[in-house]
Every structure is written in structure tokens, then in C-alpha cells.
Amino acid sequence: MNLLDIRNLSIKLLSPTAPILAVDRVSLTMKEGEVRGLVGESGSGKSLLAQAIMGVLDDKWEVHADRFHWRGQDLMRLTPDERKQIITQDVAIIFQEPMACLDPTTTIGEQLEEAVSVEKLSGFFWQRGKQRRLAAINLLHKVGIKNHEICIKSYPHELTEALCQRVMIAMALARRPLLLIADEPTAAMESTNQGQIFRLLASLNQLKNMSILLISHDLENLTHWTNTVTVMYSGQFVEAGTTEQIFNTPFHPYTRALVDSSPRANMHIPAKSRLMTLPGSIPILQHLPIGCRLGPRCPKAQQACVQAPKVKNYHGHQVSCHYSLKDSY
Amino acid sequence: MSSLLQVYDLSKSYHVSQNIFSRKTIVALEPVSFSLEAHQTLAIVGEIGSGKSTLAKLLVGAETPSSGKIKLNGQTLQPGNFKQRCQHIRMIFQDSATTLNPSLTIRQLLDEPLYLNTDLNETERSELITATLKKVGLLAEHMNFYPHMFSGGQKQRISLARAIILQPQIIILDEALAALDPSLRSQMINLLLDLQQQMGLGFILISHNLGIVRHFSDTMMVLCNGQMVEMGNTHELLKAPKHKYTKKLIMSQRFQLANK
């Protein structure tokens with residue numbers, strides 16, 4: 001059974017003039033124990049999608065979906081309270097800048113103890129303080145922080161970025177989630193630290209069978225860690241499939257350009273030669289092109305592209321393009 | 001023949017007073033020497049606190065070195081002589097959004113270095129600004145825009161325009177490509193490489209993305225805790241790293257390539 005099954009999710013920003021369609025009919029499925037990458041450049045709506053799954057978007061946004069199932073249960077039909085209960089139990093999220101997300105005025109230990117849920121504790125109220133502390137230390141050990149005594153007493157600014165991210169992951173693990181959404185967990189981090197965090201997430205996925213939705217703007221950083229990848233562009237679904245399908249035989253011109261433009265994936269091209277790139281820049285929300293939003297930048301765009309293409313499925317490799325590159329391989 | 005830029009034993013240490021009597025010395029950068037030719041790119045690789053940004057600040061003149069000499073075309077650069085230095089060595093920063101003054105139009109932003117450093121009159125300056133904007137792929141109409149009206153990639157182009165408008169010989173890119181989206185980043189790399197060929201610029205690229213370093217640079221320097229651990233031709237160094245630290249750094253990025 002699918003853990004998360006989203007079909008045609010649209011997110012509208014309600015503005016005084018006309019509503020802006022920030023995310024346009026995106027589908028996403030997650031199986032149990034799967035690591036899925038969600039790739040898109042800035043403004044592609046990937047963080048919005050994560051927030052919509054968590055249900056933390058405020059009144060300015062309108063979420064609509066044909067299907068929004070969590071383990072077979074339709075989330076759109078539930079009241080906000082019921083939905084909140086399910087989501088807080090099973091889904092956790094970690095953010096991009098761990099230092100900014102932790103409370104700077106309290107110590108790491110206190111913040112971790114806060115995250116430990118009451119159901120995990122037993123006994124009388126005077127025993128609970130100690131239990132909480134032990135649970136917090138256990139969580140730190142789980143994310144590979146051995147030196148818990150110093151860590152618990154420190155404030156966020158006293159730790160490095162990578163350690164803070166580990167603490168964030170520890171907090172996310174406190175309720176043993178089934179799905180962890182990692183919203184660019186390693187942005188602005190050194191490559192050695194990036195490796196550490198990714199390895200930690202991979203081991204959690206293997207040992208605890210936790211599904212991970214890994215959000216990133218960079219395709220090349222993800223490929224080693226994910227089973228499947230979904231690519232988005234400017235709020236529209238572009239392509240989804242296994243990592244090998246996406247990376248070796250991309251069907252969509254945009255994915256093709258992403259793969260070609262990464263200097264690391266193209267080790268064979270001579271140094272200092274020109275990289276393949278798309279002209280122009282990402283459209284802003286106020287001036288979105290009609291139809292396929294890649295249209296003005298796409299090398300293969302033709303007249304039909306003013307109509308948004310339908311998603312086509314080739315053996316689990318989904319692509320949304322009128323002129324997919326399928327036949328060129 | 002002397003190189004474009006020669007650096008001899010450049011170092012930087014800070015003195016921190018602990019109490020009235022004792023002072024502690026923190027060495028940010030141990031003495032380094034290197035040289036850079038025109039049309040060439042030197043990449044500086046290292047972790048946070050390895051002294052790469054300190055080195056960039058020393059070269060651009062934002063900090064005075066504790067020891068050592070910097071020679072440009074055989075001429076010694078004096079610390080504090082900004083008139084001489086800011087024309088020849090320019091810098092681009094990581095976050096272009098915060099380095100552009102939001103209350104000035106692009107024309108005013110680009111006019112400032114020209115007004116302070118050259119004796120061109122107003123029409124000549126305006127012509128030069130138009131030409132420079134065209135060079136980095138923007139239009140002359142963009143002159144009257146404010147920075148907030150541009151996207152991230154365009155802002156980075158404006159900081160590049162500000163850097164090349166004085167016809168410098170060396171540009172220092174301090175993580176200038178890190179914050180850009182992949183498709184804009186490859187556009188920017190293409191643009192920088194074109195400019196290097198046209199103007200014979202020497203680049204000093206500070207980056208931790210080894211893919212870009214491999215593609216972009218000719219020589220490469222690895223810094224660790226303020227010490228230079230290795231320097232050499234980029235290709236040879238990436239192929240056969242000698243120092244343990246370099247190997248670790250390459251491993252941490254290379255294993256991501258394993259499944260290609």
C-alpha cells in the first residue's frame with residue numbers, strides 16, 4: 001500500500017486581484033521505505049508541496065487535490081484537528097537552516113526534551129523529568145552524537161551547522177515518524193558535512209524503514225541517495241521515475257538540460273568548454289506563461305505547448321511533455 | 001617574464017587579548033606563496049575556517065597582511081593603497097542580493113566606481129555602463145531599475161558588471177556560484193569563461209563544489225586550517241591527490257559520482 005498518494009494537487013495563492021496558481025496539478029506517491037528526491041529550482045513550489053503535506057499553509061493559500069491519501073485515509077475529508085493528529089504522529093519535517101530553526105534562547109537539551117511525547121513516558125510525574133532527559137540523550141545517540149553531555153548544555157549558536165542539523169533530525173525522530181520530509185537539509189553546508197547528513201538519513205531509512213522525501217534544488221547531489229526522483233519546474237510536474245531513468249534517460253527537455261548543465265555529471269567534457277544551458281531565467285509567480293511553463297525557455301517548444309501537457313506513463317517513468325525525448329534513446 | 005599576480009609568504013594572524021597582561025595569537029593563514037597568469041583560473045578549496053576567505057580579503061585589500069608581499073605585474077601592492085588596488089583586483093560575493101545597495105538604481109551602482117576611479121565625463125560613463133551591461137547579457141534599459149526588480153541570476157550578473165567595469169585584471173569569486181540555481185549557474189559559468197577569453201582575466205575561484213572547480217580552473221590550491229596542504233594542476237591533483245585531507249575532500253564528493 002502506498003504511504004502517501006497525492007493526485008493532481010493544486011495550491012492557489014489568494015490575492016486581491018486574481019488567484020495565482022503556485023502549484024499546478026502535481027502528483028506524488030511514496031511507498032513505505034522509499035527515498036524519493038523532489039528536485040526543482042527556486043520557485044518551483046517544492047517547499048509549498050512539503051508544507052501542504054504537513055498542512056501548515058495558512059488562509060492565504062487554497063489547497064485542492066483529486067486525491068490526498070495517507071495510508072489509505074483521505075486527508076481532505078478530515079477535520080483540521082483529526083488531520084493534525086495523524087500528521088504529527090506519522091510525519092516529521094526538517095528544514096534548510098537548522099540554526100535558524102532552533103530556539104536560540106534555550107539549550108539543546110531543553111528543546112529535545114520538549115519534543116519527547118508524553119505517551120512515551122510512564123510512572124508518576126516526579127519520575128518523568130528523568131525519563132525525558134534519558135529519552136533526549138537516547139535521541140542524540142541515535143543521530144550519532146556521542147558527546148551528549150556537552151551537546152545538551154549548549155545553545156544552538158555554540159554548535160556547528162551539521163551538528164544542529166543532527167539535532168533537528170533527532171527532534172524529528174522523537175515520535176518515530178513513518179515519513180521524514182527533509183527540505184534541503186544540506187543547503188549551505190560543506191561537502192564533507194553533507195555526506196555525513198546524507199549517510200545518517202540513509203542509515204535511518206535502512207534501519208528503521210523510514211520513508212524520506214528529500215527536497216533539493218540540485219539534481220547532482222541527490223542521485224546517490226535516492227531510489228526515485230520527481231522533478232518539478234515552476235509549480236508544474238515535469239518528470240518522475242527511478243533515479244537511473246531520470247539521470248540516464250531523461251524524457252523531458254528540462255531534465256535533460258539539468259543533467260547536461262551539471263559539470264559534475266559531465267566529467268567527459270573538456271574543462272573550460274561551454275556547458276549546455278537553457279536560455280532565460282525562471283518565471284516569477286506574477287508572470288507565469290500559459291500552458292507548459294517551460295515553454296519560453298524550451299528548445300523543443302512548438303505550438304501545442306500553449307496547452308499544458310497530460311502526464312504520460314511509460315513503465316513507471318512519468319513525463320509531462322508533448323514532445324518527450326523518449327524516442328531519441 | 002613576471003606573472004600577473006605573485007604572492008610571497010602572505011600570512012594573517014589576529015591578536016586577541018585575553019586579559020590585561022596576556023594576548024593570544026590566532027593564525028588565520030600560514031604563509032602562502034603562489035602566482036597567477038592572465039587567462040588562468042586558480043581555485044581555492046577548503047572547509048569553513050580553512051582561511052580561504054581570509055586569503056581573498058588579503059588579496060583584495062580588505063585586511064592588511066601580517067607578513068608577505070603581493071605583486072601585480074611585478075609591482076608591489078601597498079596595503080592601504082586602495083586607489084591602485086581596487087582598479088585591478090575586484091571581488092564578487094556569494095549573496096549578490098545583499099551586496100547591492102537597494103536604494104540605488106543600477107546606473108548609480110555602476111556609476112560609483114567609475115566616478116571615483118576614472119576621469120571620464122558623464123556621457124562617457126553612461127556609454128561604458130551600457131556597454132558593460134550588454135557584455136554581461138543585460139539590456140541598456142535595465143540601467144534605471146532597482147536591484148529588487150531583478151531575479152537572483154540577474155543580480156549576480158550585475159555584481160559581475162560592477163566587477164568588470166573598471167577593466168580589472170583579476171576577479172575574485174568568493175563562492176559566487178554556490179547560491180545560484182543549476183540552470184543559471186551554467187549560464188554564469190559560460191559567461192565567466194567567455195569574459196576570461198575576451199579580456200584575459202585571471203580568476204581566483206573559491207568554491208567547495210569540485211565539479212565546478214574541475215571544469216573551471218587550471219590550478220588548484222587546497223587549504224586546511226590556514227595551511228596550504230597541496231597545490232598543483234587541477235586535473236593532476238584531482239586524479240592523484242597526495243595529502244590525506246585532499247583525498248578525504250575528493251572522496252566526499254566523488255562517491256556521489258560512483259553510480260554514473
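Residues numbered from 1 in each chain as written. Chains lettered and ligands numbered in written order. Predicted model: local features only at pLDDT ≥ 70, side-chain atom pairs only at ≥ 80, totals over all residues.

Asks: Can you lay out the overall build of chain A for me, pointing to particular residues and giving the numbers?
Replies: Looking only at helices and strands, chain A has 11 helices and 12 strands in total. Its C-alpha radius of gyration of 21 Å places chain A within 12% of the 20 Å reference for a compact globule of 329 residues. By its C-alpha atoms, chain A is 70 × 50 × 40 Å across when sized along the principal axes. Restricting to contacts in chain A with at least 6 residues of sequence separation, those with at least 24 account for 65%. (Helix = DSSP H or I, 4+ residues; strand = E, 2+ residues; numbered from the N terminus. Rg over C-alpha atoms; globule rule 2.2 N^0.38 Å. Contact = placed C-beta atoms within 7 Å.)

Asks: Explain the overall build of chain B to me, using residue names and the numbers behind them.
Replies: Broken down by element type, chain B carries 10 helices and 10 strands. Relative to the 2.2 N^0.38 estimate, which gives 18 Å for 260 residues, the radius of gyration of chain B is 19 Å and therefore close to what a compact globule would have. For the C-alpha atoms alone, the extent of chain B along its principal axes is close to 55 × 55 × 45 Å. By the burial criterion, 39% of the 260 residues in chain B qualify as buried. (Buried ≥ 20, exposed ≤ 12 C-beta atoms within 10 Å, placed from the backbone.)

Asks: Pulling in residues and values, what's your account of the confidence of the model for chain B?
Replies: Detail in the predicted coordinates should be disregarded across regions flagged by low pLDDT. On average, chain B scores 82 in pLDDT, and the residues at 70 or more come to 97%. A low-confidence stretch, residues 255–260 of chain B (pLDDT under 50), is modelled with 9 contacts involving residues beyond four sequence positions or located in other chains. (pLDDT = per-residue confidence, 0-100.)

Asks: Talk me through helix α11 (residues 253–261) of chain A; I want residue IDs and the actual numbers.
Replies: Taking burial as the measure, the 9 residues of α11 of chain A include 8 buried ones, the bulk of the element. Looking at the buried residues of α11 of chain A, the elements they touch are α9 (219–222), β9 (228–233), β10 (236–242) and α10 (243–248) of chain A together with α7 (182–199) of chain B.

Asks: Residues and numbers for the nonpolar core, please.
Replies: Counting residues in hydrophobic clusters, the biggest one holds 81 residues, and the most contacted among them are Ala-170, Ala-172, Leu-179, Ile-181, Ala-182 and Leu-213 of chain A. Among the elements that take part in this core, helix α7 (residues 161–173) of chain A stands out by supplying 10 residues, more than any other. In contact with Leu-179 of chain A, other than residues within four places in its own chain, are Leu-3, Leu-4, Met-30, Asp-90, Val-91, Ser-211 and Leu-213 of chain A. Residues Ile-106, Leu-109, Leu-138 and Val-222 of chain B belong to the second largest nonpolar core, which totals 64 residues. (Core = buried A, V, L, I, M, F, W, Y, C linked by C-beta atoms within 7 Å.)

Asks: Please give an account of the sheet that holds strand β2 (residues 23–36) of chain B that cites residues and values.
Replies: Residue and element names in this part refer to chain B. Spatially, β2-β1-β4-β5 is the arrangement adopted by the 4 strands of the open sheet, whose pairing is antiparallel. Each of the sheet's edge strands pairs with one partner strand only, and the pair in question is β2 and β5 (75–76). Here strand β1 (residues 5–17) pairs with β2 via 10 bridges, running antiparallel. Note on β2: the bridge partner recorded for Ser-13 is Val-27. (Pairing = 2+ DSSP bridges.)

Asks: If you had to explain the UniProt feature "domain: ABC transporter" (unreviewed entry) in chain B to someone new, which residues and values would you point to?
Replies: The positions UniProt marks with the feature "domain: ABC transporter" (unreviewed entry) are residues 5–250 of chain B. End C-alpha atoms of residues 5–250 of chain B are separated by 28 Å, and the span's content is 39% helix alongside 27% strand. (UniProt positions renumbered as here; feature names shortened; annotations may be inferred.)

Asks: Go over the sheet that holds strand β7 (residues 170–174) of chain B with me, naming the residues and quoting the values.
Replies: All names here are of chain B. In space, the 6 strands of this open sheet follow the order β6-β7-β8-β3-β9-β10, with mixed pairing throughout. Both outer strands of the open sheet, β6 (89–92) and β10 (227–233), are each paired with one neighbouring strand and no more. Neighbour-to-neighbour, the strand axes of the sheet open up by a mean angle of 15 degrees, direction not taken into account. Both strand β9 (residues 219–224) and β10 contribute to a ladder of 6 bridges, which runs antiparallel. Within β10, the position partnered with Val-222 by the bridge is Glu-230. (Axes fitted to C-alpha atoms, helices over the stretch in contact; angles between N-to-C directions.)

Asks: Go over the interface of chain A and chain B, please, and point to the residues and values.
Replies: Contact residues are listed per partner, giving 27 residues for chain A and 30 residues for chain B. For the side of chain A that touches chain B, the secondary-structure elements that each account for two or more residues are α8 (191–208), α9 and α11 of chain A. In the side of chain A that touches chain B, the residues fall into 9 nonpolar, 12 polar and 6 charged. (Nonpolar A, V, L, I, M, F, W, Y, C, P; charged D, E, K, R; others polar.)

Asks: Go over the packing of helix α4 (residues 106–117) of chain B against helix α6 (residues 152–164) of chain B, please, and point to the residues and values.
Replies: In a packed pair of helices, the relevant descriptors are the angle between the two axes and the axis-to-axis distance. All names here are of chain B. Viewed as axis vectors pointing N to C, α4 and α6 meet at an angle of 25 degrees, and their least axial separation amounts to 9 Å. One finds that α4 runs roughly parallel with respect to α6. By crossing handedness, the relation of α4 to α6 is classed as right-handed. Residues Ile-106, Leu-109, Leu-110 and Pro-113 of α4 lie in contact with α6, whose contacting residues are Ile-158, Ala-161 and Arg-162. (Parallel < 35°, antiparallel > 145°, perpendicular 65-115°, else oblique. Left-handed = near helix turned anticlockwise from the far one by under 90°.)

Asks: An account of the environment of Met-143 of chain B is requested, with residue identities and associated values reported.
Replies: All names here are of chain B. By the secondary structure assignment, Met-143 is in the loop between α5 (122–135) and α6. Sequence separation of Met-143 and Val-16 is 127 residues, and the distance between their C-alpha atoms is 45 Å. Discounting residues that sit within four places of it in the chain, Met-143 has contacts with Thr-105, Ile-106, Arg-107, Ile-129 and Leu-133.

Asks: How would you sum up the pairing of β10 of chain A? Please name residues and give values.
Replies: All names here are of chain A. The buried fraction of β10 amounts to 6 of the 7 residues, a majority that puts the element mostly inside the structure. Relative to β10, β9 is paired through 6 bridges, and the arrangement is antiparallel. Note that in β10 the partner of Tyr-233 across the bridge is Gln-236. Here β9 folds back onto β10 in antiparallel fashion, the turn holding 2 residues, of which Ser-234 has a positive phi close to 50 degrees. Across 2 bridges, the pairing between β10 and strand β12 (residues 317–319) is antiparallel.

Asks: Mind laying out the environment of Leu-222 of chain A, listing which residues take part and the relevant values?
Replies: Residue and element names in this part refer to chain A. Along the chain, Leu-222 turns up in helix α9. Residue classification places Leu-222 among the buried positions, given that 23 C-beta atoms sit within 10 Å. Along the primary structure Leu-222 and Val-56 are separated by 166 residues, whereas in three dimensions their C-alpha atoms are 26 Å apart. Not counting residues up to four positions away in its chain, the partners in contact with Leu-222 are Gly-37, Val-39, Leu-214, Ser-216 and Val-229.

Asks: Lay out the packing of α6 of chain B against α7 of chain B in plain terms, naming residues and giving numbers.
Replies: Residue and element names in this part refer to chain B. Running from N to C, α6 and α7 point in directions that differ by 15 degrees, and their axes come no closer than 10 Å. Accordingly, the angle class assigned to the pair α6 and α7 is roughly parallel. For the crossing formed where α6 meets α7, the hand is right-handed. Between α6, through Gly-152, Gly-153, Gln-156 and Ile-164, and α7, the contact on the second element is made entirely by Leu-184, Gln-187, Met-188 and Leu-195. Per-class residue counts for the contact of α6 with α7 are 4 nonpolar, 4 polar and no charged.

Asks: Tell me about the pairing of strand β8 (residues 202–206) of chain B, and please be specific about residues and values.
Replies: Residues and elements named next belong to chain B. Across the 5 residues of β8, 5 count as buried, placing the element largely inside the fold. Alignment of strand β3 (residues 41–45) against β8, held across 4 bridges, turns out to be parallel. Bridge pairing in β8 places Leu-42 opposite Ile-204. Bridging between β7 and β8 involves 5 bridges; their strand directions are parallel. Its bridge partner being in β8, Ile-172 is matched across the sheet by Ile-204.

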